[in-house]
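Architecture at a glance
So you can see what is in the structure, the chains are spelled out below.
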Amino acid sequence: MQPFALLHRDGADHVDVLTGDVVTVDTLADIPLTPGREGPQTLALVPYRQVAERGFACVDDGAPLECLRIATRTTRPLGELVAELPETPVSLRDGGFDLSDEAYGEIVAEVLRDEIGHGEGANFVIHRVFTADVDGDPLEAARSAFRQLLTREQGAYWTFLVHTGTRTLVGATPERHVSVADGLTMMNPISGTFRHDGTRELTDFLADRKEIDELYMVLDEELKMMAAVAEHGGQVVGPYLKRMAHLTHTEYLLAGRGSLDVREVLRATMFAPTVTGSPVENACRVIARHERRGRGYYAGVLALLGHDDEGRQTLDAPILIRTAEISPAGRLRVPVGATLVRHSTPAGEVAETHTKAAGVLAALGASSLRHPPVRPNDDDPAIQAALAARNDGLARFWLDQRRPGALTVPELDGRTAVIVDNEDTFTAMLAHQLKALGLKVTVVPWTVPVVPPADLVAVGPGPGDPASDEPKMVRVRALVAELLATRQPLLAVCLGHQVLSAALGLRLHRRDSPYQGVARDIPLFGAVRRVGFYSSFTALSPDDRLGTAYGEVQIARDEADGTVHALRGQGFAGVQFHPESVLSADGITVLTELIPPLVTQVVSPAAAG
């Protein structure tokens with residue numbers, strides 16, 4: 001049969017029918033996209049292994065990047081198409097998860113203990129796969145499942161059936177990864193899972209600290225991506241409820257203006273933290289270390305690329321989750337994962353994988369779950385109030401619109417800053433904040449042989465043990481020592497702060513429990529500030545002042561245990577928290593207070609020509 005795709009978007013009264021031929025390409029840049037041709041041109045099936053394009057770790061399973069070059073596009077009324085799809089139930093044999101509940105729970109415990117507990121990141125997504133054999137024609141089984149999803153599932157961003165000749169994908173994904181239309185780039189982080197099983201109230205779910213923190217962390221991580229692809233800035237809207245048949249999620253909407261080629265937007269955002277973790281680069285290492293097998297198309301995207309009637313590129317790319325893949329031989333795979341955070345329990349995450357798989361498995365006849373008669377009512381004033389309360393204490397920098405130049409600090413206007421990225425793209429968010437203050441900003445990786453000259457060098461955050469002998473840590477320690485020795489104005493954030501603290505003679509300590517995605521009110525040099533932490537290590541100090549070879553250092557610390565929140569001296573400052581995080585309500589204020597004293601004695605290279 002000729003390759004084709006059936007696509008239904010949430011709320012639409014029709015289904016798009018696409019046909020064409022399929023080509024396999026090596027990289028996202030190779031996806032066919034002809035300038036000047038209006039309308040959708042290519043539907044790309046992007047496997048998880050493409051994350052290697054960003055230099056990130058993955059188990060390479062060889063899943064191809066297949067592209068349906070669209071030759072014809074028509075629309076069919078939804079009801080008319082549904083009536084033509086088979087009602088015959090799908091018949092499966094030998095179905096079950098590749099990892100038992102016990103084995104999956106053990107992996108969850110390992111990740112919580114060995115990865116989150118040792119500072120490797122804030123959250124990680126680990127998957128398991130339901131497998132079975134399909135009786136009869138695999139394509140007819142997929143068409144039957146598609147009918148069930150169209151009539152029984154609710155709230156999906158895309159419900160789809162794609163047949164390339166080498167594989168068939170059928171699913172109902174709730175989550176837009178990234179879209180570009182009218183010059184606006186949009187992302188849609190979704191997290192938190194409320195099961196429609198009657199075991200708890202929606203108000204309890206919305207007040208659950210684990211669910212709240214989980215959403216905040218993926219919001220921060222997608223803001224990092226948005227900051228990288230929307231060079232003209234972005235904004236956060238929400239949160240909202242994403243209500244589906246068997247579960248409800250919470251979600252935010254991110255929007256910003258940029259000018260990148262849509263294929264570069266895809267590359268720069270591989271892949272969503274909701275299916276990998278945070279920070280993404282290290283999450284990919286953790287995934288490879290604990291899953292030890294490829295992911296196929298799970299956590300990749302289905303991307304529709306084209307041009308609008310003004311010739312501008314367009315992109316619509318939902319995440320490939322809640323999706324079944326069927327081979328021509330009838331082998332079925334339904335991958336599903338859970339997001340592990342510091343509050344997670346093995347039993348809770350095992351249950352979450354079952355719930356997330358329920359919609360697709362019910363459509364395939366592999367689950368007894370049926371469409372619940374009632375979904376949560378998001379028009380309830382109490383629910384709306386609980387959602388609105390999610391934004392209390394978040395950084396207005398990311399939530400509010402403002403005129404250009406509104407936050408410029410005269411002492412910083414036109415000066416330069418270089419941010420050293422230590423494998424955490426929080427640096428992209430920090431760059432946006434520094435630009436808003438008036439600085440001209442460059443971001444460089446920690447591997448750069450020489451840091452470019454600038455009025456300010458910011459040594460950024462990153463995962464890992466700051467005292468280890470890993471190449472990154474050795475390099476960061478040497479860089480901080482060099483910056484101190486040359487009296488280069490220095491701002492150190494999180495990992496950078498830990499290394500700076502050690503260089504000044506403070507002892508480092510791994511916290512008894514992870515401090516990932518935690519917002520706190522802290523004393524900070526005479527004021528109380530609301531800031532967000534992502535760390536497992538901290539410096540300790542018994543005093544508020546420290547004599548060093550670089551002069552006296554002031555220390556903001558927790559009086560109860562001596563943990564150091566921040567420090568400052570002549571020409572340098574460090575903060576253990578993330579002023580750029582959406583959790584840091586006072587983050588931009590902190591930067592406004594800390595940075596000008598660091599650079600006011602500097603003759604700017606830019607100003608000097």
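Here the structure is a predicted model, which is why all the values come from computation and not from measurement.

**Let's talk about the sheet that holds strand β25 (residues 545-548)**
- Spatial strand order, β20-β19-β21-β22-β28-β27-β26-β25: eight strands in an open sheet with mixed pairing. At either margin of the open sheet sits one strand with a lone partner, and together these are β20 (440-445) and β25. Put simply, the sheet's adjacent strands are angled 20 degrees from each other on average, direction ignored.
- Sheet analysis places strand β21 (residues 456-459) next to strand β22 (residues 490-493), joined by three bridges and oriented parallel. Among the inter-strand pairings, Val459 is bridged to a residue of β22, identified as Ala492.
- Packing against the sheet, helix α13 (residues 495-503) makes contact with β21, β22, β27 (564-569) and β28 (572-575), and its axis sits at approximately 115 degrees to β22.

**Thoughts on the packing of aromatic side chains**
- Applying the stated criterion across every chain, the model contains seven aromatic pairs.
- Seen from their ring centres, Tyr48 and Phe271 are 5.9 Å apart, and the 25 degrees between their planes marks the pair as stacked. On the criterion of sequence distance, the pair formed by Tyr48 in the loop between β3 (39-46) and β4 (65-77) and Phe271 in the loop between α6 (262-268) and β14 (277-278) is long-range, its members being 223 residues apart. Taken as a pair, Tyr48 and Phe271 share a single burial class, namely buried.
- Here the aromatic cluster, defined as three or more aromatic residues joined through ring pairs, consists of Tyr515, Phe533 and Phe577.
- Taking NZ or CZ as reference, Arg128 lies 4.0 Å from the ring centre of Phe97, over its face.
- The ring of Tyr104 carries Arg128 above its face, with NZ or CZ at 5.2 Å from the centroid.

**Here we look at the pattern of salt bridges**
- The tally for this structure, following the rule as stated, stands at 42 salt bridges.
- Arg73 is the salt-bridge partner of Asp16, the closest N and O atoms lying 3.2 Å from each other. Of the two residues, Asp16 is situated in strand β2 (residues 14-25) and Arg73 in strand β4; the sequence distance between them amounts to 57 residues.
- We note a salt bridge from Arg128 to Asp101, for which the minimum N-O separation is 2.7 Å. Of this pair, Arg128 sits in strand β6 (residues 123-134) while Asp101 sits in helix α2 (residues 101-115), and the two are 27 residues apart along the sequence.
- The class for Arg128 is buried, based on a relative accessible area of 0%.
- A relative accessible area of 37% places Asp101 in the partly exposed class.
- In this structure, a network of salt bridges that share partners links the residues Arg9, Asp16, Arg73 and Asp316.

Quick notes on the rules
Residues numbered from 1 in each chain as written. Predicted model: local features only at pLDDT ≥ 70, side-chain atom pairs only at ≥ 80, totals over all residues. Heavy atoms only, no water. Pairing = 2+ DSSP bridges. Helix = DSSP H or I, 4+ residues; strand = E, 2+ residues; numbered from the N terminus. Axes fitted to C-alpha atoms, helices over the stretch in contact; angles between N-to-C directions. Contact = heavy atoms within 4.5 Å. Phe/Tyr/Trp six-rings, centres within 6.5 Å; stacked < 30°, edge-to-face > 60°. Buried < 20%, exposed > 50% of the residue type's maximum accessible area, 1.4 Å probe, protein only. Lys NZ or Arg CZ within 6 Å of the ring centre and 35° of its normal. Salt bridge = Lys/Arg side-chain N within 4 Å of Asp/Glu carboxyl O.

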